[in-house]
Amino acid sequence: MSFFTQLLNGLQLGSIYALVALGYTMVYGIILLLNFAHGDIIMAGAYISWIAMAQLGMHPALAALLSIVGCMALGVAIDKIAYAPLREAPRLSVLITAIGVSYFLESGSQLIFGADAKVVPSFVNLTTVSFGAVTLSLTAILTVAITCISTIVLTFLVQKTRLGKAMRAVSEDMGAARLMGVNVNSTISFTFAVGSALAGIGAILYSMAYHQATPTMGIMLGTKAFVAAVLGGIGSIPGAVVGGLVVGFVEVSVAALGLSVWQDAVVFLLLIVVLVVKPTGLLGHAVTEKV
C-alpha cells in the first residue's frame, strides 16, 4: 500500500476522532465535565441513520440531517435530565453520572436493537480514484473535507458570534458571566447541542467508513477521542483536531507495520508518554487555580 494511501487513511480515521474530540473538549471547556456518554451519542446517531435508510427507506441526505438533529436532541436531553440538577454538586458526582448515562444508553440500545451489528447503507456511492500507482478513496477525501469545514464553522461560532462570546465567558468564570446577564444554563445547553451535532456528523462519517452500528461502538471510539482531546490539550479546539489526527496516524502506522493487535496499546502508551512529558497536552496551557 502506497505512502499516500496510508496518509489518507490516517487523515480519515484522525478526522473522525477529531470531530468526537471536539465535542469532548467543548463540554469540558465550559463546565469541566468529562462527558463519557459522548461516544454513545455517536452510537445513537448511527442507529438513527440505520432506521432512517434501512427501515424507513429515507433519502440519505434526509437520514443524515435526522441523525444530526437526533444527536443534538439527545445531547441536550442528557444535559437537562442528568447534568443540570448537579450543577453545584461535586465534580466526582457528575463524572459518575456521566458513566451511568453511558451504560444506560448502551444497555438500552442493546435491549431495543439487539446485540448484533446492523448494516448501515451507504450515504453516497463513492469509489476510488487513481493517479498512476496511487489509489485514493473518495470517501476518505470527503471525510477530511467535512471535518475541515466543521472545524472552521465551529471556530467562527466560538470566536465571532454572540453565543460564542457567552460560551467563552462561562468558560472563564461562570459566576461572573451570570452577573453580567449571561444565561448560563442556556449557554451550557447550547454547548451540548453543538457538541452533539459534531457527534452526529462523526456518526455519519463513521458509518460511511465502516457501515455498521452496534450498541458498544461508542465505547472505544469515545475513549480514543477522549485520548485525542487530552493528547492535544483538552479545552483547546485546535488541540482536539491535532490530537485526533495524531491518534489516527498512529493507529494506521501501527497497522501498516503488521501490528494491528497492538493498535490500542500504542495509542494509550502515547497518551502516557505525552502526559509525563507535557501534562497539559500538546497545545494545552497550564491554568493557575485560585485558592
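Not measured: the values here are computed from a predicted model. (Residues numbered from 1 in each chain as written. Predicted model: local features only at pLDDT ≥ 70, side-chain atom pairs only at ≥ 80, totals over all residues. Heavy atoms only, no water.)

**Quick notes on the overall build of the protein chain**
Scanning the protein chain from N- to C-terminus turns up 11 helices and four strands. In terms of C-alpha radius of gyration, the protein chain reaches 19 Å, essentially the compact-globule figure of 19 Å for 291 residues. Seen through its principal axes, the protein chain has C-alpha atoms that stretch 60 × 45 × 35 Å. Looking at the protein chain as a whole, 46% of its 291 residues are labelled buried. Put simply, of all contacts in the protein chain between residues at least 6 apart along the chain, 74% involve residues at least 24 apart. Carbon and sulfur atoms provide 70% of the accessible area of the protein chain, an area that totals close to 14300 Å². Charge separation in the protein chain, taken as the distance between the mean sites of 12 positive and 10 negative side-chain charges, equals 12 Å. (Helix = DSSP H or I, 4+ residues; strand = E, 2+ residues; numbered from the N terminus. Rg over C-alpha atoms; globule rule 2.2 N^0.38 Å. Buried < 20%, exposed > 50% of the residue type's maximum accessible area, 1.4 Å probe, protein only. Contact = heavy atoms within 4.5 Å. Areas by Shrake-Rupley, 256 points an atom, 1.4 Å probe, with all protein chains shown as cover. Lys, Arg positive; Asp, Glu negative; His and termini not counted. Charge placed at Lys NZ, Arg CZ, Asp CG, Glu CD.)

**Examining helix α8 (residues 184-210)**
The terminal C-alpha atoms of α8 lie 38 Å apart, and with 27 residues this matches the ideal 39 Å at 1.5 Å per residue to within 8%. In terms of burial, α8 is a largely internal element, 22 of the 27 residues being buried. By the N-cap criterion, in which a side-chain oxygen at the helix start approaches the backbone nitrogen of a residue two or three places on, α8 is capped by Asn183, the distance to Asn185 being 3.4 Å. Phi for His211, located one or two positions after α8, is positive at around 55 degrees. (Expected span 1.5 Å × (residues − 1). Polar contact = N/O pair within 3.5 Å; in protein donor to acceptor, adjacent residues only side chain to side chain.)

**Here we look at the nonpolar core**
Of all hydrophobic cores here, the largest spans 73 residues; its most connected members are Leu22, Leu33, Tyr83, Phe123 and Leu154. Leu33 has contacts with Val27, Tyr28, Tyr83, Val94, Leu95, Ala98 and Phe192, leaving out every residue within four places of it along the chain. (Core = buried A, V, L, I, M, F, W, Y, C linked by side-chain atoms within 4.5 Å.)

**Re the UniProt feature "transmembrane region" (unreviewed entry) in the protein chain**
The positions that UniProt labels "transmembrane region" (unreviewed entry) are, in the present scheme, residues 15-34, 64-82, 133-158, 179-206, 226-247 and 254-277. Secondary structure content for residues 15-34 is 85% helix and 0% strand, and the end C-alpha separation is 20 Å. As annotated, residues 254-277 has a helix share of 75% and a strand share of 0%, and its two end C-alpha atoms lie 22 Å apart. (UniProt positions renumbered as here; feature names shortened; annotations may be inferred.)

**Description of the layout of surface pockets**
Considered as a void within the structure, the second largest pocket measures approximately 220 Å³ in volume. In this structure, the second largest pocket is lined by 13 residues; those nearest its centre are Phe36, Ser102, Glu106, Ile219 and Thr223. Within the residue set of the lining of the second largest pocket, elements represented by two or more residues are α2 (38-55), α4 (91-113) and α9 (217-232). For the lining of the second largest pocket, the element with the highest residue contribution is α9, accounting for five residues. Residues that form the lining of the second largest pocket fall into these classes: six nonpolar, five polar and two charged. (1 Å grid on protein atoms, 1.4 Å probe; cavity = no way out; pocket = protein on both sides within 12 Å on 5 of 7 lines; lining within 4 Å. Points joined across faces, edges and corners; volume = space filled by probe spheres on them. Nonpolar A, V, L, I, M, F, W, Y, C, P; charged D, E, K, R; others polar.)

**Concerning the side chain of Lys224**
Mapping Lys224 onto the fold places it in helix α9. A relative accessible area of 5% places Lys224 in the buried class. Other than its neighbours up to four places away in sequence, Lys224 contacts Tyr17, Val247, Glu251 and Asp264.

**So, the pattern of salt bridges**
By the definition in use, this model includes four salt bridges. Between Asp116 and Lys118 there is a salt bridge, with its nearest N and O atoms 3.3 Å apart. Of the residues examined, Asp116 reaches a relative accessible area of 43% and is grouped as partly exposed. Glu251 is the salt-bridge partner of Lys224, the closest N and O atoms lying 2.8 Å from each other. One end of the pair, Lys224, is in helix α9; the other, Glu251, is in helix α10 (residues 237-256), with 27 residues separating them in the sequence. A single salt-bridge network, built from bridges that share partners, covers Lys224, Glu251 and Asp264. (Salt bridge = Lys/Arg side-chain N within 4 Å of Asp/Glu carboxyl O.)

**Description of unusual backbone geometry**
A negative phi holds for most residues other than glycine; trans holds for most peptide bonds. For His211, which is not glycine, the phi torsion reads 55 degrees and is therefore positive. Relative to the helices and strands, His211 resides in the loop between α8 and β4 (212-213). Relative accessible area serves as the criterion here: at 29%, His211 is assigned to the partly exposed category.

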